[in-house]
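Remarks on the overall topology
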Amino acid sequence: MQWAWCSASVKSQPKVGPFPPLKADSLQVSPYDSCFSTRSNYSSAKTHYHEFVIQATPVKRLCKTHNTITVNGQFPGPTLEVNNGDTLVVKVVNRARYNVTIHWHGVRQMRTGWADGPEFVTQCPIRQGKSYTYRFTIQGQEGTLWWHAHSSWLRATVYGALIIQPKEGENYPFPKPKRETPILLGEWWDTNPIDIVRRATRTGAAPNVSDAYTINGQPGDLYKCSKQDTTIVHMDSGETNLLRVINAGLNQQLFFTVANHKLTVVGADASYVKPFTTSVLMLGPGQTTDVLIKTDQPAARYYMAARAYASAQGAPFDNTTTTAILEYKTVSCSSNCVKIKPVFPSLPAYNDTATATAFTTKFRSPRKVEVPTEIDENLFFTVGLGLQNCPRGARSRNCQGPNGTRFAASMNNVSFVLPSNFSLLQAHHQGIPGIFSTDFPAVPPVKFDYTGNITRSLWQPIRGTKLYKLRYGSRVQVVLQGTSIFTAENHPIHLHGYDFYIIAEGFGNFNAKKDTAKFNLVDPPLRNTASVPVNGWTVIRFVADNPGVWLMHCHLDVHITWGLAMAFVVENGVSELESLEVPPVDFPVC
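All values reported here derive from a predicted model rather than from experimental measurement. (Residues numbered from 1 in each chain as written. Predicted model: local features only at pLDDT ≥ 70, side-chain atom pairs only at ≥ 80, totals over all residues. Heavy atoms only, no water.)

1. Examining the sheet that holds strand 9 (residues 143-149)
- Reading across from one edge, 5-10-9-7 is the order of the four strands in this open sheet, with mixed pairing throughout. Looking at strand neighbours, the two that pair on one side only are strand 5 (80-83) and strand 7 (102-105), the edges of this open sheet. With strand direction ignored, the average angle separating the axes of adjacent strands in the sheet is 20°.
- The pairing of strand 9 with strand 10 (residues 159-165) spans six bridges and is classified as antiparallel. Each residue of the ladder has a partner; that of Thr 144, found in strand 10, is Ile 163. (Pairing = 2+ DSSP bridges. Helix = DSSP H or I, 4+ residues; strand = E, 2+ residues; numbered from the N terminus. Axes fitted to C-alpha atoms, helices over the stretch in contact; angles between N-to-C directions.)

In structure tokens form, the structure reads like this:
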């Protein structure tokens, strides 16, 4: 066995935030240091060892300094870079005052559900002063993913990019870019985000919206006390470069654009797509999009900008705009450009559903793919908001939702409740009774006009920890139907442990007789997070080939807080390679 520094530590990187990239010579030789890898003499695959220390760090934004929860003192956290086929070993040490877990968003986690990370789903949280080591292998995925905390609202600041390069010796299916830059879009609260969600949970009201959006941790020129730290991305004229755009925001779909530049989309959610050109991206929280950008404009400074796509009519949202600067590095520009005001882009209106839809429906796989055609499990899940009546005996201060209610959310009228004594995967693996049931409904308990005027009697979901059992290898179709209970909006639905094909989307109520004609069974895109259109539906298909317990939820964190989630139990197959691995020895206990 020989030792080699992992590529992320030695590759030159443009300035993309307030913290410099980690350097190999700053690391101590330890199997858990921040960027160390082993390489087998018999294979090009490597094992990368990292240590994530979760800790409070003073971070100043919008004129104020907050004790912010970070990883290794960095906000955003470290960028991890691996190759397809590599293994990651990440020791997470919790020195914060909150419980924490880390989710590797979009990683298939084949048979390694113990490393997936959602709190009380695949593991109990890492308690203060404790540690847990995540071990998993990247299999057949290339492109951009990310990692984030999956405990309460810690992912407001605990997140970072996960870049998967092709296997050594292999190339992108497009011309190699001159340079690559991760662009992490986030949300910032000018207070402790944990206090925000705790107050909302206590009162039953909607939480306060964010105070700013960020690009690589910085709000940008349009916010107070921010201009001097605005993210600057340097590029030379005449280059073709790759932007890896990640929506790491908590609660908001975002439009993203670069002034005067076209963006050619080449990948999404660590899958390649048939290239198409656009002037604007729309990403739901959790989604990633890889784009090529040509620096073919006059040498100058150009704003990158992101702001809300707010589809819920009448609901409050953060209507600010975050910016970074694309700066051409040329002889003529180097001394003068700093004085030049950047060119500002045109952004869609906040409620521009037509632009959002035009973007999401352009995605195709690069070639014909094997979509499941014979379906074993034909499921229909409604997704949306609701309201719970004030519990008997509760005080009015605990029921500050509309008309003295409490906000709720549900799938198929079940508002998901996490256990607190065991994780769902642990209960499944050990056969512990009473933690969950497997009677999650395959179809809505009551059929109604999902996107029309809905009687108040349908507004109240039931609370429960209900899972849906899938036989190993079963071919699954899920219709995700948005509802207009209380308000309709676009929901980014994320499925853990799986990629899925998005074979169709549309508006109104899904009609099997008419809408199956719209199914794309030739080259649909492969994603891990699907945007269900406002007052509309999306149809996904996948094969249940990964045993374990896998959460499906809305990636708007306020919605999962309210219960917009469910989970699949995928049974073991026949052989060892079709079965869940045993839990690691340092698996956290509740």
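2. Re the pattern of salt bridges
- The full count for this structure, using the stated rule, is 19 salt bridges.
- Notably, a salt bridge pairs Glu 180 with Arg 244, separated by 2.9 Å at the nearest N-O pair. In this pair, Glu 180 is assigned in strand 11 (residues 180-188) and Arg 244 in strand 14 (residues 240-247), connecting sequence segments 64 residues apart.
- Among the salt bridges present, the one from Glu 571 reaches Lys 469, with a minimum N-O distance of 3.8 Å. On the criterion of sequence distance, the pair formed by Glu 571 in the segment after strand 34 (565-570) and Lys 469 in strand 26 (residues 467-470) is long-range, its members being 102 residues apart.
- A single network of salt bridges, built from pairs that share partners, joins Lys 46, Asp 86 and Glu 168. (Salt bridge = Lys/Arg side-chain N within 4 Å of Asp/Glu carboxyl O.)

3. Topic: the UniProt feature "domain: Plastocyanin-like" (unreviewed entry) in the chain
- With numbering matched to this structure, UniProt assigns "domain: Plastocyanin-like" (unreviewed entry) to residues 54-168, 180-329 and 440-572.
- With 8% helix and 41% strand, the stretch residues 440-572 has end C-alpha atoms that lie 19 Å from each other. (UniProt positions renumbered as here; feature names shortened; annotations may be inferred.)

4. Re the sheet that holds strand 15 (residues 253-258)
- Read from one edge of the open sheet, five strands run 13-21-20-15-18, paired in mixed fashion. Across the chains shown, the open sheet's two edge strands, defined by having one partner strand only, are strand 13 (232-235) and strand 18 (281-283). When the angles between neighbouring strand axes are averaged without regard to direction, this sheet yields 25°.

5. A few points about a positive patch on the surface
- Judged by side-chain charge, Arg 199, Arg 202, Arg 395 and Arg 397 come together as a positively charged surface patch.
- Within the secondary structure layout, Arg 202 lies in helix 1 (residues 193-203). (Patch = residues over 30% accessible without salt bridge, like charges linked within 9 Å, V, L, I, M, F, W, Y side chains within 5 Å. Areas by Shrake-Rupley, 256 points an atom, 1.4 Å probe, with all protein chains shown as cover. Lys, Arg positive; Asp, Glu negative; His and termini not counted. Charge placed at Lys NZ, Arg CZ, Asp CG, Glu CD.)

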